[in-house]
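# Structural overview for review
One-letter residues, chain by chain:
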Amino acid sequence: SYHSISNGEIWSLPTMRNMGKLIENEEVSKVARIILVLQMLMCIVVGMMIEYMGGAMSKLSSLGSSIGFESSHQKKSNMSVQMLHAFDQPSVSKRNIIEEIVPDSLKPQCDLEFLQFNVTKSMLKKSRPVIGNSQRLHIFLKKLHSKQCTSVLFMGGSVTAGHNSRGRLNASFPKFFMDWLNERYPCENADRTRGSHLTKRTQQNNAQTHFVSWSQISQIETLDLVIMEFNVNDSFIDKMPHAMEDKGPEGSTKDYISVWYNEILLRRLLLMRKPDPVAIVTFNADYIGRTWAPKSIGDPEKYRKTLFRRNQEPLKFWLSSLYEIPMFSASVWMLPLAGKKGADWQFNKTNPYSSINFHADRCCHPHREGHLILSLVLVYCLVQEEKNLLSFHREDTLDVEQDFTANPDPTLRDPIYLSEDEEALYVRHDSNSKLIDFTDPSAEKEWNKHVVQNDGWTWFADNREKDKFGLIADGVSGGQHISLQITGGKLGLVEITYVISYENFGLALVWVDDNRDGGATRSHCGNRLTKKSCKNFHRGVQCLVGTWKEPASVPTVTILQNRIEDETTKFLHICLTPISELRKGEENKFKLLGTRVY
């Protein structure tokens, strides 16, 4: 019995039985039996005390662990367990993730050879840097659970469009995400037949051009989820002509310009009803690779003098946090993984996470395998939010945490960057704008009504995938002219959107007058322009420069200096000038995307 007690079996039944047998033994003296009874009682009391103290210590230990404290014994024990698991258990593979969140019918396309690198749960857990307010996402998820067919709008640039992914739209993360949505949440039409969740897109590619061509979004009849992907393209917006006040020194920086346009878009989307409040997600899908390149292949000195190395994620984080917009992100964990051993390793092909392995070019466009990873990020975050919805209890939140923007009478926070006039004009739409949009493939009949004269301009898509439309003039001799009839708006502003590129693009002249054919001003269209002559035009003639040094082709916006009185009809003239010293390449073209009057 004493042996049992010394081995921690004080409270055990065998110990008690052994002591009981000794007490019943007649050969044991009466005094010894009394001692044994006392010992037995002592064992019971000591056992109860030890059990009580052990339970109390266990509770304290659990409490300590829950708030971040562990005893040295626990730490050693946990560390030992982790080390044992590291050797005994296989590493988490991408197949584990796929088994959990991808329907069986889609598993073959997500098999091992189709993903660029091992995607672990710990990576995907980092993909929700801003939780935000999930009320709108819950509305969307409830529709999925009720088998309602939904519409998802992808607002993004060339990454969203699948540029250089060996398949374009058919090899892009929106395609993979929508395939998953239709498989996991099959929906029904009104007649109970099998329906499908619909993909919606625009022809724009950054926050500024989506702001300008907002009608491409507002004309969508039903909309349930919007995914905004501007992490790359917003870094190419070079000016902010729409500001209605002097923004000071900060107002000329790319970072300020980006948050200004993005705030307008967020406020518009929060007020939108299609017919329900629209779920909004900001998605940071990628980053610009060349800004991280070592000296052997890049210019680290140039980019280390920028605040975020052209990465827009911190800005999106800031706005999403203040507006409580859920943020999903791939770049938040991919960029640190790529460069954690230095810039040379980040651009070494033996590194599976390297920028040159993930990207199909020097910029920012993932391969098809990369788009599969981006879709996994979206899928994982939505599945996790679904789990939150299923375990949600109203008492877990306070009234102040509800989404006031989703109320029938929505309440928005005060603007962060917008003046009262900018809020009234650009968010509340106190002035109706008139847009002539050359980017919309379905709008040819509409914009053709405004063309009164056209000498040499052609409407087509000039990119490899044949989906980026515009009105294009091309020719080294220049002189191509177009005249559009426009009517002034409340503010009298005329806005021109066109493409700037690093090669083969030239310069154009623009002016407004009362002549259908452009009058005497048109004679300037045959003159070759220089930097000096481009700045010296007067009497309302402006120079539009379609070339720059950045290796990218992106839209830009100019607002004309001269204004048109409200409801006054004028003629807007644009002409291509001869090949100039300012351009690079053998061609000389100009691509007009649209004009807006307000």
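Refer to the structure above for everything that follows.
The following refers to the structure shown. Keep in mind it's a predicted model, so treat the numbers as computed, not measured.

Right, let's get into helix α18 (residues 420-427). Those residues of α18 that sit buried are Glu422, Glu423, Leu425, Tyr426 and Val427. Of the surrounding secondary structure, the elements contacted by the buried residues of α18 are α9 (207-212) and α11 (254-271). Positive phi appears at His429, one or two residues downstream of α18, with a value of about 55°.

So, on to the layout of surface pockets. Considered as a void within the structure, the largest pocket measures approximately 1,300 Å³ in volume. Around the largest pocket, the lining comprises 47 residues; the ones closest to its centre are Ser158, His163, Asn463, Lys468 and Ser553. Every element with two or more residues in the lining of the largest pocket is listed here: β1 (151-156), β14 (554-559) and β16 (589-597). With three residues, the top contributor of residues to the lining of the largest pocket is β16. Tallied by class, residues from the lining of the largest pocket come to 16 nonpolar, 17 polar and 14 charged.

What follows deals with the pattern of salt bridges. Opposite charge on two side chains permits pairing when their charged atoms draw close. Taken as a whole, this structure holds 26 salt bridges when the rule is applied. Its salt-bridge partner being Lys589, residue Asp462 comes within 3.2 Å of it at the nearest N-O pair. With Asp462 in the loop between β8 (457-461) and β9 (469-474) and Lys589 in strand β16, the pair connects residues that are 127 residues apart, well separated along the chain. In this structure Asp462 comes out as partly exposed when scored by relative accessible area, which is 25%. On the basis of relative accessible area, Lys589 is assigned to the buried category, the value being 14%.

This part takes up unusual backbone geometry. Cis geometry marks the peptide bond from Lys274 to Pro275; its omega dihedral reads -5°. Within the fold, Pro275 resides in the loop between α11 and β4 (279-284). In the Ramachandran plot, Asn504 falls in the positive-phi region, its phi being about 70° despite a non-glycine side chain. With respect to the helices and strands, Asn504 occurs in the loop between β11 (494-500) and β12 (507-513). Note on Asn504: relative accessible area 18%, which makes it buried. In this model, Glu567 sits at a positive phi of 65°, which is unusual for a non-glycine residue. Assignment of secondary structure puts Glu567 in the loop between β14 and β15 (569-576). Looking at Glu567, the relative accessible area reads 57%, which means it is exposed.

Cut-offs applied
- Residues numbered from 1 in each chain as written.
- Predicted model: local features only at pLDDT ≥ 70, side-chain atom pairs only at ≥ 80, totals over all residues.
- Heavy atoms only, no water.
- Buried < 20%, exposed > 50% of the residue type's maximum accessible area, 1.4 Å probe, protein only.
- Helix = DSSP H or I, 4+ residues; strand = E, 2+ residues; numbered from the N terminus.
- Contact = heavy atoms within 4.5 Å.
- 1 Å grid on protein atoms, 1.4 Å probe; cavity = no way out; pocket = protein on both sides within 12 Å on 5 of 7 lines; lining within 4 Å.
- Points joined across faces, edges and corners; volume = space filled by probe spheres on them.
- Nonpolar A, V, L, I, M, F, W, Y, C, P; charged D, E, K, R; others polar.
- Salt bridge = Lys/Arg side-chain N within 4 Å of Asp/Glu carboxyl O.

The values reported here are purely geometric and, on their own, carry no functional implication.
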